[in-house]
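# Coordinates in review
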Amino acid sequence: MSGCNGSHEDALKILGPEDAAALLRSAVPDDQHDGEIVLGLDWRSRVCGIASRFPGRDGAVPELCADQLRLIAEEVVADELLLVTFV
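Presented here is an overview of the structure given in this document. Position numbers for residues start from 1 in each chain and track the written sequence from start to end. Only residues with pLDDT of 70 or above have their local features reported here, since the model is predicted, and side-chain atom pairs are shown and tallied only from 80 upward, although totals for entire chains, interfaces and linings are computed over all residues. Hydrogens are left out, water is left out, and the side-chain values use all remaining heavy atoms of the structure.

## Here's the deal with helix H1 (residues 17-27)
Operational definition: For every residue, the accessible area (1.4 Å probe, protein chains only) is compared with the maximum for its type, and the residue is labelled buried under 20%, exposed over 50%, or partly exposed between those bounds. Numbering of helices and strands runs from the N terminus; a helix is a DSSP stretch of H or I covering at least four residues, while a strand is a stretch of E covering at least two. Summarising the geometry, the arc corresponds to the directions from the helix axis toward the C-beta atoms. Any two residues having at least one pair of non-hydrogen atoms within 4.5 Å are treated as being in contact.
For H1, every residue scored as buried is listed here: Ala-20, Leu-23 and Leu-24. Along the axis of H1, the buried residues cluster in a sector spanning 100°; they form a single face. Looking at H1, the residues exposed on the side facing more than 90 degrees away from the buried face are Glu-18, Arg-25 and Ser-26. Among the structural elements, strand S1 (35-41), strand S2 (47-53) and strand S3 (80-86) are those in contact with the buried residues of H1.

## Brief notes about the sheet that holds S1
To be explicit about the condition: When DSSP locates at least two bridges between a pair of strands, those strands are taken to pair. Geometry is summarised by axes, namely lines fitted to C-alpha atoms with helices restricted to the contacting stretch, and by angles between N-to-C directions that run from 0 to 180 degrees.
Strands sit in the order S2-S1-S3 across an open sheet of three strands; the sheet is antiparallel. Of all the strands in the sheet, the pair left with one neighbour each is S2 and S3. On average, adjacent strands in this sheet sit at an angle of 15° to one another, irrespective of strand direction. In this structure, S1 lies alongside S3, joined through seven bridges in antiparallel fashion. Counterpart to Gly-35 in the pairing with S3 is Phe-86.

## Regarding the side chain of Glu-36
Residue position: Glu-36 is located in strand S1. Not counting the four nearest positions on each side in its chain, Glu-36 is found in contact with Ala-51, Ser-52, Arg-53, Leu-64, Leu-83, Val-84, Thr-85 and Phe-86.

## Quick look at the side chain of Arg-53
Here is the rule: In protein, a polar contact requires one atom able to donate a hydrogen and another able to accept it; more generally it is a pair of N or O atoms within 3.5 Å, and residues adjacent in sequence count only if both atoms are side-chain atoms.
Summarising the element assignment, Arg-53 is placed in strand S2. The class of Arg-53 is buried, set by a relative accessible area of 16%. Here Pro-62 takes part through its backbone oxygen, which lies 2.3 Å from a polar atom of the side chain of Arg-53. Look past the residues within four positions of Arg-53 in its chain and what remains in contact with it is Gly-35, Glu-36, Asp-58, Val-61, Pro-62, Glu-63 and Leu-64.

Written as structure tokens, this is what we have:
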């Protein structure tokens, strides 16, 4: 993952649930039915990075904790995180 540096004016904006759902439909492989995706958003609501974990692909994954989310936010230089869990 990489962070936003202000030069990505064409980055996707997430302004509501419909925007997030559209991105997730294109980002989640059809064969993955459970897992988590974390979207990092900058101050303009632009996507800075995406982290994903799918047990079917990655094996057993531990539950996300606040420290892990903080590290993701720092890595992608995000002002906000959007966590989506598939069950």
